[in-house]
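Report on the structure
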Amino acid sequence: EELSDSIFGTSGDPFNLKSQYTACSYGQLNFAPTTSFGENGVYSYISDTNAIGSTSSHMRNEVYYGARDSLGINLPTVVDHIMVCIPKGTDGDWIAYALVNHWLSWFNNEWCTFASVQLHEMGHNLGLSHSGHDLLEYGDQSGMMGYSYAYDDLPIQCFNGQKSYDLGWFSSYTVDFNSGTFTTWHGDIVGFVDRDNAGSRKMIIRMIDDVTQNSYYIHFNRQAGFNSGTQEGGDLVLVASKGPGYVPSYLEAELGGGEQYSISDFGGHPLIIKVDSIDEDPALGDGVMKASISIKNPTLAGPNPTSVPTPGPTPFPTPLPTPGPTDLPTPLPTLGPTADPTPGPTQGPAVVPTPGPTDAPTPGPTQGPTVVSTPGPTDAPTPGP
């Protein structure tokens, strides 16, 4: 019952995997407990192996294969995602693992009940990489693909601009510019929480370097509603970069009104991103904020950017993900997490199958599944309000 409530909110838990993915995606990505077996999406398997003193790799395989064999079902043929919760006592200080572009993830003891860990690992299943800052692979705390937190209902936040772009939830509010043809752009952007008041305004500006294939993602990190607990850059314009392939994104700048960020080489030319102002706009609705920004290639553009019509977004592909293998891959990560997990209950682990979204997630890189481990911060970041 505790697991089902922590993941699906079946007993009233207000903040969990299901509730936050539904909120962040405006109902485009929904998870629901399976009714094929178990109770409220949870199936309990009692292993003959004592977790205390066992290796995490052995227990991960023991629990998955044991549950599969006891049910007599090829699990990924009847559910879309499986979360395996391992009891305390295995070796190492690991928190969680997930396979990228896949259906399987594992959690160490009570980390299975913490919403930020659930959203983070499911993000890997959906093809998302980590979000970094200042050379720290998990350092971007503005969204869920940075550090995870040992709290049940915190922090209330979603994903940064780069991750939201890849997920495709706001493709109608996105515009792409290529370095080879870009001169200037000026306009207003609003936060993800204000989608219904956006009108013709954009939410994500993607600047593509045609030479390096690196991209810069500009978005307004509105700190309200389902993003009220963002841990970094609240109510600021954030600039994140990401290279091609499955690599982390990195937060490059957090800009307030009157501040700017310069890129010295954007396709062979400089690029200046300036936030002209950030303020409330009563015309958009009560409490709705907008950021007015100017982006300029000073080499190709004139001295002052002018407003130009915003081109439509490049269509975001939405093919179905590649079916997961029927036998569980067993690669292990080379590094463990840095934070010690909090001791939890000693009962046997539970396999939590979770049906996938009603709209198929956008796949990430096409390479084979990758095991991604999630450490906590060395010093746990303070949760938002």
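Scroll up to find the structure this text is about.
Notes on the structure in this doc start here. (Residues numbered from 1 in each chain as written. Predicted model: local features only at pLDDT ≥ 70, side-chain atom pairs only at ≥ 80, totals over all residues. Heavy atoms only, no water.)

Structural notes on the state of the cysteines
Using the criterion set out here, one finds 2 disulfides in the structure. Each sulfur in the disulfide pair cysteine 24 and cysteine 158 lies 1.9 Å from the other. Measuring handedness by torsion sign, the sulfur bridge of cysteine 24 and cysteine 158 sits at about -85° and is left-handed. Residue cysteine 24 is located in helix 2 (residues 17-24), and its partner cysteine 158 is located in the loop between strand 5 (131-133) and helix 5 (161-167); the two are separated by 134 residues in the primary sequence. Taking relative accessible area as the criterion, cysteine 158 reaches 5% and is therefore assigned buried. Residue pairing for cysteine 85: its cysteine sulfur links by disulfide to cysteine 112, the two sulfurs lying 1.9 Å apart. (Disulfide = S-S within 2.5 Å. Helix = DSSP H or I, 4+ residues; strand = E, 2+ residues; numbered from the N terminus. Buried < 20%, exposed > 50% of the residue type's maximum accessible area, 1.4 Å probe, protein only.)

Considering the packing of aromatic side chains
Across all of its chains, the model carries 17 aromatic pairs by this definition. Here the aromatic rings of phenylalanine 177 and phenylalanine 182 are separated by 5.1 Å at their centres, their planes lie at 55°, and the arrangement is tilted. A single burial state applies to phenylalanine 177 and to phenylalanine 182, both of which are buried. Centre to centre, the rings of tyrosine 216 and phenylalanine 266 are 6.3 Å apart; their planes meet at 70°, and the pair counts as edge-to-face. One end of the pair, tyrosine 216, is in strand 9 (residues 215-220); the other, phenylalanine 266, is in strand 12 (residues 260-266), and 50 residues separate them in sequence. A single burial state applies to tyrosine 216 and to phenylalanine 266, both of which are buried. (Phe/Tyr/Trp six-rings, centres within 6.5 Å; stacked < 30°, edge-to-face > 60°.)

Description of the sheet that holds strand 7 (residues 184-189)
Sheet architecture is open: 4 strands sit in the order 7-14-13-12, paired in antiparallel fashion. Where the open sheet ends on each side, the last strands, each with one partner, are strand 7 and strand 12. In this sheet, adjacent strand axes meet at a mean angle of 15° when their direction is disregarded. Both strand 7 and strand 14 (residues 289-296) contribute to a ladder of 6 bridges, which runs antiparallel. Within strand 14, the position partnered with aspartate 188 by the bridge is serine 292. (Pairing = 2+ DSSP bridges. Axes fitted to C-alpha atoms, helices over the stretch in contact; angles between N-to-C directions.)

Remarks on the sheet that holds strand 10 (residues 237-242)
Strand order in the open sheet formed by 6 strands is 5-11-10-9-8-6, with mixed pairing between adjacent strands. Sheet topology places strand 5 and strand 6 (174-178) at the edges, where each strand pairs with a single neighbour. Mean inter-strand twist for the sheet, computed between neighbouring axes without regard to direction, equals 25°. Examined bridge by bridge, strand 5 and strand 11 (residues 249-255) share 3 bridges and lie parallel to one another. Bridging from a neighbouring strand, serine 131 pairs with serine 249 of strand 11.

What to know about the nonpolar core
Nonpolar side chains in soluble globular proteins tend to be buried together. With 43 residues, the main nonpolar core has Leu17, Tyr21, Val117, Leu119, Phe159, Trp169 and Met203 as its most contacted residues. Every element with two or more residues in this core is listed here: helix 1 (2-8), helix 2, strand 2 (81-86), helix 4 (115-125) and helix 5. By residue number, the principal contributor to this core is helix 4, which donates 4 residues. Trp185, Ala253, Tyr261 and Ile295 belong to the second largest nonpolar core, which has 24 residues in total. (Core = buried A, V, L, I, M, F, W, Y, C linked by side-chain atoms within 4.5 Å.)

Examining the environment of valine 117
The topology assignment puts valine 117 in helix 4. Distance from valine 117 to leucine 17, taken between C-alpha atoms, is 9.0 Å for residues 100 residues apart in sequence. When near neighbours in sequence (up to four residues on either side) are disregarded, valine 117 contacts Ile95, Ala96, Phe107, Trp111, Ser148 and Tyr149. (Contact = heavy atoms within 4.5 Å.)

Considering the pattern of salt bridges
Should their charged atoms come close, side chains of opposite charge can pair. Taken as a whole and assessed by the stated rule, the structure comprises 6 salt bridges. Between aspartate 279 and lysine 290 there is a salt bridge whose closest N-O contact spans 3.2 Å. Of this pair, aspartate 279 sits in strand 13 (residues 269-280) while lysine 290 sits in strand 14, and the two are 11 residues apart along the sequence. For lysine 290, a relative accessible area of 12% gives the class buried. Via salt bridges that share partners, Asp279, Asp281 and Lys290 belong to a single interconnected network. (Salt bridge = Lys/Arg side-chain N within 4 Å of Asp/Glu carboxyl O.)

Quick look at the environment of lysine 274
Mapped onto the elements, lysine 274 comes out in strand 13. You can call lysine 274 partly exposed: its relative accessible area is 33%. Put simply, lysine 274 and serine 294 are 20 residues apart on the chain and 5.2 Å apart in space, counted from C-alpha to C-alpha. In contact with lysine 274, not counting residues within four places along its chain, are Gly258, Glu259, Gln260, Ser292, Ile293 and Ser294.

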